[in-house]
Amino acid sequence: MNDNRSVLHARPTAVLMLVAITCVHAAGAPQDSDAQPDGAATTTLTGTLHVVWGDPPAGSDLPPVKRYWITEKAGQTVELILDDEGLARLAGTVVSNGERVTATGPAANLSDGRFRADTVATSGSAAAAVGGVYGEVRYATVACRFADSTGTTPRPLSFFEDLMGVTGMNHYWQELSYDNISIDGATVVGWYDLPGDRSDYVYDDDGDGDLDAQLEQLAIDCVAAAEGDVYFPDYDGILLMFNQTLDCCAWGGGLDLTANGVTRGYRMGWFPPAAFNRQDFVGHEMGHSLGLPHSSGPYGATYDSYWDVMSSGGGCQYEDPEFGCIGVHTIAYHKDMLGWLTPSQRFDVSVSNPRTIRLQRLAVPATGTDYRMAKIPIGGSPTHFYTVETRLAAGYDSHLVGEAVIMHEVDTTRSSHALVVDPDGNGDPNDEGAQFLPGESFYDAVNQIVVHVERAIPFGFEVSISRQARNPAYVDPSNTGYEDGTAANPWNTLEEGLISVVPGATVYAAPENYPDARTIRKPLVLRRDGASGAVVLGQ
Ligand SMILES: [Zn+2]
């Protein structure tokens, strides 16, 4: 610790906040302060919430971290300190794009720019929190050195210009977004010297024995150093590159900042050298800045899926000599979150309609007509569903760990919404257990969902899906009423029976001439229903 720390961390925002709250209390404004039964006063803050994700270096066993800031209308920003319950409540409903929230906590609470909240209520829906991201997204990249290591300049500015430029992150995000966004990363400035040493910005501020990067102060000081060279309000995002390790992590998300006299929200990233030396890490934090959460395998780890830049990045199957490990695509669910799949590119599986669809590769799709994702609702919940996508080697997916149909189970109320479906349960969401190939099926007996990969087609796979898995399934073309594949309400086409039947189970077909000239690729038993008559196929 050194003496100038108190100067550096006397945040003007926090001081203003204390004044504002005091005034409110003096005026007795009931909407901001009221007495609980035990007499304890509470304070309410209403404003824009920003989430920042912290990611430890690759290979570490550390878990991810999330931090929250709230900015009130007047522009004051404080960090929200939440207990586990508050965190759980926020997990699935808020992203970094600035949802409006109300936080309530003890009145005598604000200190050092932080507010301990007992409750946080969102005023919008989960869906409203995730906006589409389209068009040009302008990032300014600012490189800053700590005052005690101004002689350390890990990379020249030209490195960041290449990293962010037309063959770097701009190319990457254009491909991932199907040209829905382009990254203008041409503005790269630095290296600026920060007013404080590293220990002024990175220290254990909560006494838990771990270092905590003062993200807001780092941003304020690094941006202030560059204000003369960059007019920040012209930009959507700010990526801060530091010449030393921060705390546990690299960070990405959003934050309200005052720059060039204007206070507004920015897409943000904070990078130590270990992070900006890996393209997949930069892509991951930029993904957070665009509003994306993590995905992972179903085993409680966060960075174990090789199918998503928002998990492990891709498992570093390819390492570029200059930019390190190169990230793969993000999963179809995340692309849909950001509005990069049109309704016609997404197949929404209805209850009553077993269907075979063509699912083309997620990276660099080659046809305009085949689907890019199937979405299978689970039960009646709008927040719980499966997604099905095809992953083949192409573009930034060129070095995938495998080529197959990949499924995720999505629950939008979890911190990591999407978990890889891995039926073998062996702890590895990247091996053949999670890779569905022609002839292989996924069957959810509880929710009566069956998915079967029928065959490879150019640039993808043909996949059959039913939300009414049947064992056995019944078919009778004479049924003109309700149909669900049961004996009482048989399907009226053979195809529906073949799609809905559980692998290895029986399809009972009523004696009839069936026009279906269909190749059966699923293991199943096809039997005549009843004791007489003929089942004739292909007529
Ligand atoms: Zn992350």
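Residues numbered from 1 in each chain as written. Predicted model: local features only at pLDDT ≥ 70, side-chain atom pairs only at ≥ 80, totals over all residues. Heavy atoms only, no water.

This part takes up the sheet that holds strand β30 (residues 525–528). Taken together, 3 strands build an open sheet; the order of strands is β27-β28-β30 and the sheet is parallel. The open sheet has two edge strands with one neighbour each: β27 (473–475) and β30. Shown here is a sheet whose adjacent strand axes are inclined to one another by a mean of 25°, direction ignored. (Pairing = 2+ DSSP bridges. Helix = DSSP H or I, 4+ residues; strand = E, 2+ residues; numbered from the N terminus. Axes fitted to C-alpha atoms, helices over the stretch in contact; angles between N-to-C directions.)

Let us now look at the coordination of the zinc ion. Ligation of the zinc ion by protein atoms is provided by Asp55 (OD), Asp55 (OD), His284 (NE2), His288 (NE2) and His294 (NE2), these donors lying 2.0 to 2.4 Å from the ion. For the zinc ion, the single-chain donor residues occur in sequence as D-x228-H-x3-H-x5-H. (Donors = N, O, S within 2.8 Å, 3.2 Å for Na, K, Ca; no water.)

This next bit is on the confidence of the model for the protein. Scored by pLDDT, the protein has a mean of 88; 88% of the residues are at 70 or more. Here residues 1–36 is a poorly scored stretch, pLDDT under 50, and it has 55 contacts once near neighbours within four places are set aside; other chains count. Every residue in residues 125–129 is under pLDDT 50, and counting partners more than four places away or in other chains gives 7 contacts. (pLDDT = per-residue confidence, 0-100. Contact = heavy atoms within 4.5 Å.)

Okay, the side chain of Glu462 next. Its place among the elements puts Glu462 in strand β26 (residues 460–466). Classification of Glu462 by relative accessible area gives buried; the value is 14%. (Buried < 20%, exposed > 50% of the residue type's maximum accessible area, 1.4 Å probe, protein only.)

Taken in spatial order, the 4 strands make up an open sheet running β19-β26-β25-β24, and their pairing is antiparallel. The strands lining the two open edges of the sheet, one partner per strand, are β19 (355–360) and β24 (441–444). Pairwise comparison of adjacent strand axes, ignoring direction, gives a mean angle of 20° for this sheet.

With that settled, the discussion passes to the pairing of strand β22 (residues 404–411). When you tally the buried positions in β22, you get 8 out of 8 residues, the bulk of the element. Taken together, the 8 bridges between strand β21 (residues 384–391) and β22 define a ladder with antiparallel strand orientation. In the sheet register, Phe385 faces β22, and the bridge partner there is Val410. Direction of pairing for β22 relative to strand β23 (residues 418–420): antiparallel, over a ladder of 3 bridges. Bridged to Val410 within β23 is Ala418.

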